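Examination of the molecular architecture
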Amino acid sequence: MKQLSTNDLKNNGDDSEPSRSMAELLLEEGVKKNPGPWREHSYAVARAAEKIARAVNQNCGEEKMNPDLAYVYGLLHDIGRQEGHTYIAHVYDGYHFLMSLGYEKAAQICLTHSFNLKTTEDYIGKIDISDKQMEEIKKLLAAVEYDDYDRLIQLLDATCGADGTLNLEERMGDVKARYGYYPQCKWDKNFELKAYFEKLAGREYYEIISTQ
């Protein structure tokens, strides 16, 4: 694969978000910089997001969600991890990387995927950014209006493991075991989101994301 330049990465035409192929290219280039299981996790989230979006549209009888965009947002939500093994810094780095390419909604997903309650207070992991950068994240979050793409990637990020795990409680339990805690309000919100998308799709969550 050729080395991409900034010009290669910017959109041609009027599209404001990356195509599927561009998102895959961005991810693969990012993984070259920092190889790791975040690649498999990103693909798992992307595939599940596409399936949920299609199920929602089928149940509603209209296109409530764009399956291609759901896939793209799932694929790029962790793109900040290309900068190395980081914690909250991957949120900050991913947001600014995609904003620099003009992909505003994809950048927003990088920002929102770790904060299902729209607060940084329940973040699980190290705070490895400056106070100024943290304040920037807080201000950006406060200004964001969550939509179903934000909610879906939050849910799937908490569900899909790099090892093939597709179980919300199991994956949250693993995070709790590794970090020693998992805020109950964050835990409860994920189950609320699961019920929300089951209602939209008219089908059981695991049945949707586990289909081939």
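Each remark here, short or long, concerns the structure printed above.
Described in the following lines is the structure provided in the data block.

Conventions and cut-offs
- Residues numbered from 1 in each chain as written.
- Predicted model: local features only at pLDDT ≥ 70, side-chain atom pairs only at ≥ 80, totals over all residues.
- Heavy atoms only, no water.
- Phe/Tyr/Trp six-rings, centres within 6.5 Å; stacked < 30°, edge-to-face > 60°.
- Buried < 20%, exposed > 50% of the residue type's maximum accessible area, 1.4 Å probe, protein only.
- Lys NZ or Arg CZ within 6 Å of the ring centre and 35° of its normal.
- Helix = DSSP H or I, 4+ residues; strand = E, 2+ residues; numbered from the N terminus.
- Lys, Arg positive; Asp, Glu negative; His and termini not counted.
- Salt bridge = Lys/Arg side-chain N within 4 Å of Asp/Glu carboxyl O.
- Contact = heavy atoms within 4.5 Å.
- Expected span 1.5 Å × (residues − 1).
- Arc of directions from axis to C-beta.
- Polar contact = N/O pair within 3.5 Å; in protein donor to acceptor, adjacent residues only side chain to side chain.
- Axes fitted to C-alpha atoms, helices over the stretch in contact; angles between N-to-C directions.
- Parallel < 35°, antiparallel > 145°, perpendicular 65-115°, else oblique.
- Left-handed = near helix turned anticlockwise from the far one by under 90°.
- Nonpolar A, V, L, I, M, F, W, Y, C, P; charged D, E, K, R; others polar.
- Disulfide = S-S within 2.5 Å.

Considerations on the packing of aromatic side chains
Per the counting criterion, the structure on display carries six aromatic pairs. Ring geometry for Y196 and F197: centres 5.1 Å apart, planes at 85°, overall edge-to-face. Judged by relative accessible area, which is 1%, F197 ranks as buried. The interplanar angle of 55° and the centroid separation of 5.2 Å between the aromatic rings of Y205 and Y206 together place this pair among those described as tilted. An aromatic cluster is built from Y182, W187 and F191, whose rings are joined through pairwise contacts. The cationic tip of K118 hangs over the ring face of Y146; the distance from NZ or CZ to the ring centre is 5.8 Å.

With respect to the side chain of R171
With respect to the helices and strands, the residue R171 is situated in helix α9 (residues 168-179). No salt bridge is formed by the buried R171; its nearest oppositely charged neighbour, D157, is found at 4.4 Å. Apart from residues lying up to four places away in sequence, R171 is in contact with H41, D157, A158, T159, C160, G161 and T165.

Topic: α9
When the terminal C-alpha atoms of α9 are compared, their 17 Å separation across 12 residues agrees well with the 16 Å that a helix rising 1.5 Å per residue should span. Those residues of α9 that sit buried are L168, R171, M172 and V175. Buried residues along α9 cover an arc of 95° about the axis, so they all sit on one side. Next to the buried residues of α9 lie α3 (38-60), α8 (148-157), α10 (184-201) and α11 (205-209). The distance from a side-chain oxygen at the start of α9 to the backbone nitrogen of E169 is 3.2 Å, and the residue carrying that oxygen is N167. With its phi angle positive at about 90°, G180 sits one or two positions after the end of α9.

Thoughts on the packing of α9 against α10
Relative orientation of the contacting elements α9 and α10 amounts to 160°, with a least axis distance of 11 Å. Viewed along their axes, α9 and α10 adopt a mutual orientation that is roughly antiparallel. In terms of crossing hand, the pair formed by α9 and α10 is right-handed. Side by side, α9 and α10 meet where L168, E169, M172 and G173 of the first sit next to W187, N190, F191 and K194 of the second. Split into classes, the residues belonging to the contact of α9 with α10 amount to four nonpolar, two polar and two charged.

A look at the state of the cysteines
Here the structure, examined in full by the defined rule, presents zero disulfides. This cysteine, C110, is not joined by any disulfide, and C160 carries the nearest cysteine sulfur, 16 Å off.

Regarding the packing of α3 against α8
Pairs of packed helices are described in terms of their axes, by the angle between the two and the distance that separates them. Interhelical geometry of α3 versus α8 gives an angle of 130° and a closest axis separation of 10 Å. As far as their axial angle goes, α8 and α3 are oblique. Relative to α8, α3 is oriented so that their crossing is right-handed. Contacts from H41, V45, A48, A49 and I52 of α3 reach α8 at L152, I153, L156 and D157. Here the contact of α3 with α8 is composed, by residue class, of seven nonpolar, one polar and one charged.

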